[in-house]
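# An overview of the molecular structure
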Amino acid sequence: MVDPDAALDKVGPTLLACLVLIQIENDTLKATMIESLDKLFQFQQNALNLRAFRQQLIASNIANADTPGFKARDIDFAAALSRATTGHSVPLRTTSNRHLGAASQNEPATVLYRTPQQPSIDGNTVDMDVERNRFADNAVHYDANLTVLGGQIKLMLAALQG
């Protein structure tokens, strides 16, 4: 006859090792799932951050429409989004090779000066019709990004709830 305690002593370490491996695989699976969720929402996060930054620039252009010498600014949204999704950052421009690189960056994209269609006498390059059009277009795209992100979250919740 087999002694149950002796059998448990022989199986115990093996069972414990199996439980540890299951826990490690479970933790790895959770980490992988979190990384997948992060990647899923990363594109929309980058797009929303860039849209918000662009909205600030356009609002600044509108606010300075009557400021002599003000130059209208904007970003190349497609290039900035491409750079953000591939993990490249905007390099800092230095005037000396002894300058130190910054630890963080305040602007998520390279700011460009817009070429005026009809320059003004006082040097201001803001065209209010163009700025209002770009402001409205950017706002619509921002709302569309929020709608897509909301849809992704609802889809994820539906999948988790079964």
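Heads up: the structure comes first, above all this text.
Residues numbered from 1 in each chain as written. Predicted model: local features only at pLDDT ≥ 70, side-chain atom pairs only at ≥ 80, totals over all residues. Heavy atoms only, no water.

## A closer look at the overall build of the chain
Assigned secondary structure in the chain consists of 3 helices and 2 strands. Of the regular secondary structure in the chain, the N- to C-terminal order runs α-β-α-β-α. Burial status across the chain gives 20% buried among its 162 residues. (Helix = DSSP H or I, 4+ residues; strand = E, 2+ residues; numbered from the N terminus. Buried < 20%, exposed > 50% of the residue type's maximum accessible area, 1.4 Å probe, protein only.)

## Here we look at helix H3 (residues 128-161)
Here H3 is 34 residues long and its end C-alpha atoms lie 49 Å apart, about the 50 Å a rise of 1.5 Å per residue gives. Turning to H3, its buried residues number three or more, namely Val130, Glu131, Asn138, Asn145 and Leu149. Positive backbone phi, approximately 90 degrees, marks glycine 162, located one or two places after H3. (Expected span 1.5 Å × (residues − 1).)

## Quick word on helix H2 (residues 77-85)
Within H2 the residues assigned to the buried category are Phe77, Ala80 and Leu81. Considered in projection along H2, the buried side chains sweep an arc of 95 degrees and stay on one side of the axis. Directly after H2, the chain includes glycine 87, whose backbone phi takes a positive value near 85 degrees. (Arc of directions from axis to C-beta.)

## Some points on the packing of aromatic side chains
Evaluated as defined, the whole model comprises 0 aromatic pairs. Lying across the ring of phenylalanine 77, arginine 51 places its NZ or CZ 3.7 Å from the centre. (Phe/Tyr/Trp six-rings, centres within 6.5 Å; stacked < 30°, edge-to-face > 60°. Lys NZ or Arg CZ within 6 Å of the ring centre and 35° of its normal.)

## Brief notes about the environment of isoleucine 121
Looking at the element boundaries, isoleucine 121 is found in the loop between strand E2 (111-113) and H3. Taking the C-alpha atoms as reference points, isoleucine 121 and glycine 69, separated by 52 residues in sequence, lie 9.2 Å from one another.

## Describing the nonpolar core
Counting residues in hydrophobic clusters, the biggest one holds 10 residues: Ala47, Leu50, Phe53, Leu57, Ile75, Phe77, Ala80, Leu81, Ala109 and Val111. For this core, the elements supplying multiple residues, two or more each, are helix H1 (4-63) and H2. The greatest single-element share of this core, amounting to 4 residues, is contributed by H1. The residues contacting phenylalanine 77, other than those within four sequence positions of it, are Ala47, Leu50 and Arg51. (Core = buried A, V, L, I, M, F, W, Y, C linked by side-chain atoms within 4.5 Å. Contact = heavy atoms within 4.5 Å.)

## Looking at the pattern of salt bridges
All chains considered together, the criterion is met by 5 salt bridges. Measuring nitrogen to oxygen at the nearest pair gives 2.7 Å for the salt bridge that ties arginine 54 to aspartate 74. Taken as a pair, arginine 54 in helix H1 and aspartate 74 in strand E1 (residues 73-75) lie far apart in primary sequence, 20 residues in all. Residue class for arginine 54 comes out buried when judged on its relative accessible area of 10%. For aspartate 74, a relative accessible area of 7% corresponds to the buried category. Taking the shortest distance from any N to any O, the salt bridge between aspartate 74 and arginine 114 comes out at 2.6 Å. Here arginine 114 lies in the loop between E2 and H3 and aspartate 74 lies in strand E1, a separation of 40 residues in the sequence. The class for arginine 114 is buried, based on a relative accessible area of 14%. (Salt bridge = Lys/Arg side-chain N within 4 Å of Asp/Glu carboxyl O.)

## With respect to the side chain of glutamine 44
With respect to the helices, strands and loops of the structure, glutamine 44 is situated in helix H1. Residue classification places glutamine 44 among the buried positions, given a relative accessible area of 7%. When neighbours within four sequence positions are excluded, glutamine 44 is seen to be in contact with Asn145, Val148, Leu149 and Gln152.

## Structural notes on the side chain of asparagine 145
Looking at the secondary structure, you find asparagine 145 in helix H3. Its relative accessible area of 14% is what places asparagine 145 among the buried residues. If near-sequence neighbours (up to four positions away) are discounted, asparagine 145 is found in contact with Gln44, Ala47, Leu48 and Arg51.

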